Every structure is written in C-alpha cells, then in structure tokens.
Amino acid sequence: MADNTTASTESTGLNQAVREALDNAPTTHPQLLEWVREMAEMTQPDAIHWADGSEEEWNTLTTELVDAGTFVRLNEEKFPNSFAAFSDPDDVARVEERTFICTKTPKGAGPTNNWEDPAVMKETLVKKFTGSMRGRTMYVIPFVMGSLDAEDPKYGVEITDSAYVVCSMRIMATIGTPVLDKMTRDNAFFVEALHSLGSPLEPGEEDVPWPCNTTKYIVQFPEDRAIWSFGSGYGGNALLGKKCYALRIASAIAHDEGWLAEHMLILKVTDPEGDSRYIAAAFPSACGKTNFAMLEPTIDGWKAEMVGDDISWIRFKEGQARVVNPEAGLFGVAPGTGWTTNPNAMRGVARGNTIFTNVALTDDGGVWWEGMTDEVPDHLTDWKGNDWTPDSGRPAAHPNSRFCTPIKQVDILADEYDDPEGVPLSAIIFGGRRKTTVPLVSESFGWEHGVFQGATLSSETTAAAKGAVGVVRRDPMAMLPFIGYNANDYLDHWLDTGARVGEEAMPKIYYVNWFRRTADGGFAWPGFGENSRVVKWIVERLKGTAGGQETPVGIVPTKEDLDLSGLDISDDELEAALRVDQEEWLAELPGIDEWFNKLGDVPEVILEQRAGLEERLKNS
Ligand code: GDP
Ligand code: PGA
Ligand code: MN
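All figures in this text were calculated on a predicted structure; none of them were measured in a lab.

**Examining the environment of V36**
- Among the structural elements, V36 can be located in helix α3 (residues 30-43).
- Taking C-alpha positions, V36 is 47 Å from T270, a pair spaced 234 residues apart along the chain.
- Discounting residues that sit within four places of it in the chain, V36 has contacts with L22, I48, W50, M138, V140 and I159.

**Considering the UniProt feature "binding site: GTP" (unreviewed entry) in the protein chain**
- Residues given the UniProt feature "binding site: GTP" (unreviewed entry) here are A286, C287, G288, K289, T290, N291, R402, R433, F528, G529, E530 and N531. Sequence-wise these annotated residues cover 246 residues; spatially they are dispersed, their C-alpha atoms as much as 24.1 Å apart. Of the residues named above, R402 line the second largest cavity.
- By the element assignment, K289 lies in helix α11 (residues 289-293).
- Summarising the element assignment, F528 is placed in the loop between β30 (508-512) and α15 (532-543).
- Residues in contact with F528, not counting those within four places in the same chain, are N291, L295 and T341.

**Notes on the sheet that holds strand β20 (residues 360-362)**
- Read from one edge of the open sheet, four strands run β21-β20-β22-β23, paired in antiparallel fashion. In the strand order of this sheet, the two ends are held by β21 (367-368) and β23 (387-388), each with one partner.
- Sheet topology places β20 next to strand β22 (residues 380-381); two bridges connect them, and they run antiparallel. When the sheet's bridge partners are listed, T362 is paired in β22 with L380.

**Quick look at unusual backbone geometry**
- One non-glycine residue with positive phi stands out, namely N353, at about 55 degrees.
- In this model, M477 sits at a positive phi of 50 degrees, which is unusual for a non-glycine residue.
- Counting through the fold element by element, M477 comes out in the loop between β29 (472-474) and α14 (487-501).
- Residue M477 is classed as buried on the basis of its relative accessible area, which comes to 0%.

Conventions used here
- Residues numbered from 1 in each chain as written.
- Chains lettered and ligands numbered in written order.
- Predicted model: local features only at pLDDT ≥ 70, side-chain atom pairs only at ≥ 80, totals over all residues.
- Heavy atoms only, no water.
- Helix = DSSP H or I, 4+ residues; strand = E, 2+ residues; numbered from the N terminus.
- Contact = heavy atoms within 4.5 Å.
- UniProt positions renumbered as here; feature names shortened; annotations may be inferred.
- 1 Å grid on protein atoms, 1.4 Å probe; cavity = no way out; pocket = protein on both sides within 12 Å on 5 of 7 lines; lining within 4 Å.
- Pairing = 2+ DSSP bridges.
- Buried < 20%, exposed > 50% of the residue type's maximum accessible area, 1.4 Å probe, protein only.

In structure tokens form, the structure reads like this:
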C-alpha cells in the first residue's frame, strides 16, 4: 500500500488528502472535476476544500484568519461578525500594468489593453503557478453572477489559495452548494477562474498575515472565457467574479451575444407622482458609483432606492432595455463614505457581516477612515499597524481602503434588485472627475452623440488603481481597464446595439460631473444627496416636463430648470457648475484627437460626432 501511495503521489504530484478530496468531490460535473484535478496537479496544494457557502464555513474560515493574523475581529457590539484585514503595503489596488487580455491576435485585445499571445502567456503562468499552493489549502468556490434563476445563469468557479478570498466572495456573489448542484444538474458551462497568492509555504516556514507575490499577473483569456490571477490578494485582482468576470470576460460574452456588460450602478427613483424609473450610471473607480447608488434625496417627495452599485448587465428584449446587477455585495471605497455623505452605506456596514480592508482601528475595537465622522478620533492604529494621532500628518486609512458588505444589508435596496429578468432601464449617465470644462449635467442629442460622450469620457485617476493620482485620462464608458476586447469594436458594439434595438427603445444618455471646481479651488457643486436635483431634472426631461438650453455639448439646465429650493449655493458656484465655456471645450479637442489617434480605428460615426462638436463650438 505504502508503495502504491508513493507511486501515485509521485506520478500525479497529489498527496493523499488532495486525492481523497478529488475522489469525494461534491459534484459529478466532468469539466469541473477535470479542471480541479489539473489545477491541483499544477499548484500542488496540501489540501482541497470545496466551498459550500455555509455560515459554518464562514465561522471556521474567519476564525482561522483571525488565528493567522490576517483578520482582526472587531468589537461585536459595534460591528457584529465583522473583521478588519490589513494587506501587504504593496498590494492595495488593482494593477492595470499587470492586467492582460490574451486573445489570438493583438488586434483582439486592441489598442487599450496589454496583450500577450495566449500560448506564450499560459507557458509563463504555468511556471508561476507550478507549486504555488504548496503548504496551503486550495479552495474551490462555485459561484453565479446574477440570479441562479436566470434563463442562462452565468456560472463561474474560482480556485484560490486565499481564505480571505473565499470569505469575500461569499459576500460578493452567490456561492456554494446551491450553485454547484444546479450547475452539475445542468452540466452547465462555467468560467474557469484560477487565483493564487503566489506565496507557497515550505515545510516549517511561518506564514505572513497577507501573503502575496511581488510579481503579479491578472490575465483574462476572453476567447476561452478563462481567468488566471497570480500574486495579489486585493479585491479587484483576486475576487474574480467582479471586475475580471462580470466586466472583462462578460463584456466579451456580451459582444458575442448582443448585450452590454458595463461598469455602472443602478438607481431606482420614484417621483412625487409615484412613477418609478431606473437609471444606470458609469463612473470610473472611486468616482462616486457606490455613493450615487445610495443617494439620499434632499428634495421633497422624491425617493431613491438601490439596485446595484458597480456593475450592470444590460439586455434587450422585445424592444426594451433591461438591466441586472450581477453582484450580491458591495466592495466600496471607505474614505469619504460617512454619516453625512452616505448614511445608507454606513447603516448597511454597521449591521455587521463586513470585511474591512486597510482601514484604521479605533482603540475600542471599531474602525475609522478619513471622512467617516466629522470628529477625528484622538488615537488610532493606522492601516500599517502604527500608532496614529490627528497630527501624524498622514492618512490613517489607505485612500483605497474598502468595506465588503452584503447588499441585502442596505435598507434602501429595491425589492426587485435580484429579479432574474432585471429592471427596465430609462437612462444612462456617464461621469468622471474633472476640475474644469465638463458641466454638472448635459443631455445628449441622441444615441450616437451619447455614445460619443461616453467614448470621450475623461477623468482624473484615483487611488483605486496603482499609479499616479489626479492625471486626466480618457476612460470610455468608465470601462478603460475593463473592456475585455478591442475598444474600437466595443464602441462599434454600442453603436450597433442602438441601431439594432432602435433609438426610441434605447435609454437616453446624460453626462455629469460632480467634481468641477470654482476659481478658489472648492467643489462648485455640493454633490452626494444634492445630486438628487440633477436626477430630478433628468427624470423630468424623460417625462418631457423640464426645460434646458441647447449648448454645443448637449442640453444643459439653466438655473431656472434645476430645483434649487433650500440649497446653499452661491451664484458663482452655480455658474461654475453649469457653465459651458467655448474656450475650455476648444482646448479639449486636441485631447480627444490624441485619444482617437491612440484608438486608431475609431468608428466613423464617432468621428462625425467629433466634427459636429467642433462645428457647434466654433459657431457658438
Ligand atoms: P466608486 O468607486 O465609483 O463606487 O466611488 P465611491 O462612491 O465609493 O466614491 C469614491 C469617492 O468619491 C469617495 O471618497 C466619495 O466620498 C467621493 N464622492 C462620491 N460622490 C461624490 C460627490 O457627489 N461629490 C464629491 N465631491 N465627492 C464624491
Ligand atoms: P471600484 O472598483 O473602485 O469601481 O469600486 C473596485 C476595484 O478596485 O476593483
Ligand atoms: Mn464602488
């Protein structure tokens, strides 16, 4: 027997525990069994755990993470069943330079993505992943993005050696036994999503609280619908159902199947007459999606509810756009989220069951970050574990620190948030962070003009991705880091979809900017709950009851068209928020041209829109 065991261990690289876990797998799904076996042979884990998604499993894993020093259990009375994690200081954000779209030809990935030949990349990655789970447990997480009751459920299975990822995925998606059972019963296709921290443990070697690797690879194979992520434990790099699947892989699927996978929140608004409408909005990372999704209107009689805060899957059926939020949780930016700016998020988080990453700890076992409360605590432990006081001269929480919370805990969640059919979509908003030029809100002249607005969307970079902060870059539809194929084809797909479905049935397109500054550097517009005034104007435009002024860049409300009742704003600020300045916009054109040069193969319709803008500006 002993010989036999040794022989088979040698020939397959699998130890007894792993072989037993494979033999006793809770599924008969052939593709899954074969893939898990292959991945185990390559990564050589000590054990395999099939995640069932149960509360018991959560309790076991969170306790293990506390024992390992990855998690700090928070004060039960303040934050029940909640934990704080602190990452390696070099593993705090998405890594766009290390993100690859591997298609057969470079053209498939296009001018905006990092490309590598799939076979070459696989060879590189196989080297990286070989033995990468040694000394660790391999977790197998069956998950579904969107409803398990959808007509065509979008399944995935993430293999990971991170228990932090398992716990986070349990919040962000529907995972475990019910998913695996249905997937197995239907022998359904699933996206293979492989993740390793890239930090194997040799016998006797002591673990660190946040294992990761200095070399990172976030690799999508859109043609194979597969994801390989190596070296990072950070959310956007490691929770593979989110950006990697629901945006990069899903956008490629959507292109093939005739729908749209977008970086958009979904908001339900009900006006004083009781009419409800759904609006999706695309803002780049850390530019206000989660906050806008949880809008608390400051105007009488208007009600806002949340459907989703980050990702939208928009399908077209019987001449109607319908949108689904594929996620089950929030992975929100902590700094700036506070009791005055976003009480809905704060209430959701305070219910517990939350994983915080890279926030600061209070002395009584709670958490704190910049902007959470108006009052700043006298003493904290900062995200790097050091003592912190208000005069330390550095932020206590990392600027990209996060909370990960079940969406069900948001008390303004719309009942229909998980309707497998989605909700009807009336308007799409694009927006970014611009100190200048872009007015508070404008309405597009039509679908093609709206697609042009989206295609030329610009925003200052934020801490959500590694690299310089505050640099203006073009970010088409807020999807620059997430388009899983050629950006020119992506723009074509938007145009084709409008032409196919018909302009009348398409959502109307708006472009907003909450971040314009006045001459003295302050925000021109107060933002947050006051954005409800912009929502009101949009809804009234949809109903045909609000006025607006035609400008070269779109239809913009005048002071009179906006409900400003009870708003504390000076004339200067309002003027700065709404102004469409010919000079500023003419100065914008070279940036647009540079962007189009980079894209290279921009759809003709978009170029015509560019010419139209210049003409309108020169004649204004
Ligand atoms: P997301 O990553 O797109 O979901 O962005 P968040 O909603 O988490 O917001 C990112 C940052 O932008 C936070 O620091 C917010 O406080 C800030 N923010 C969000 N909405 C507004 C707004 O309307 N005005 C201003 N000035 N800041 C905002
Ligand atoms: P977000 O992205 O900033 O758009 O919420 C999360 C991430 O970093 O993946
Ligand atoms: Mn967000």
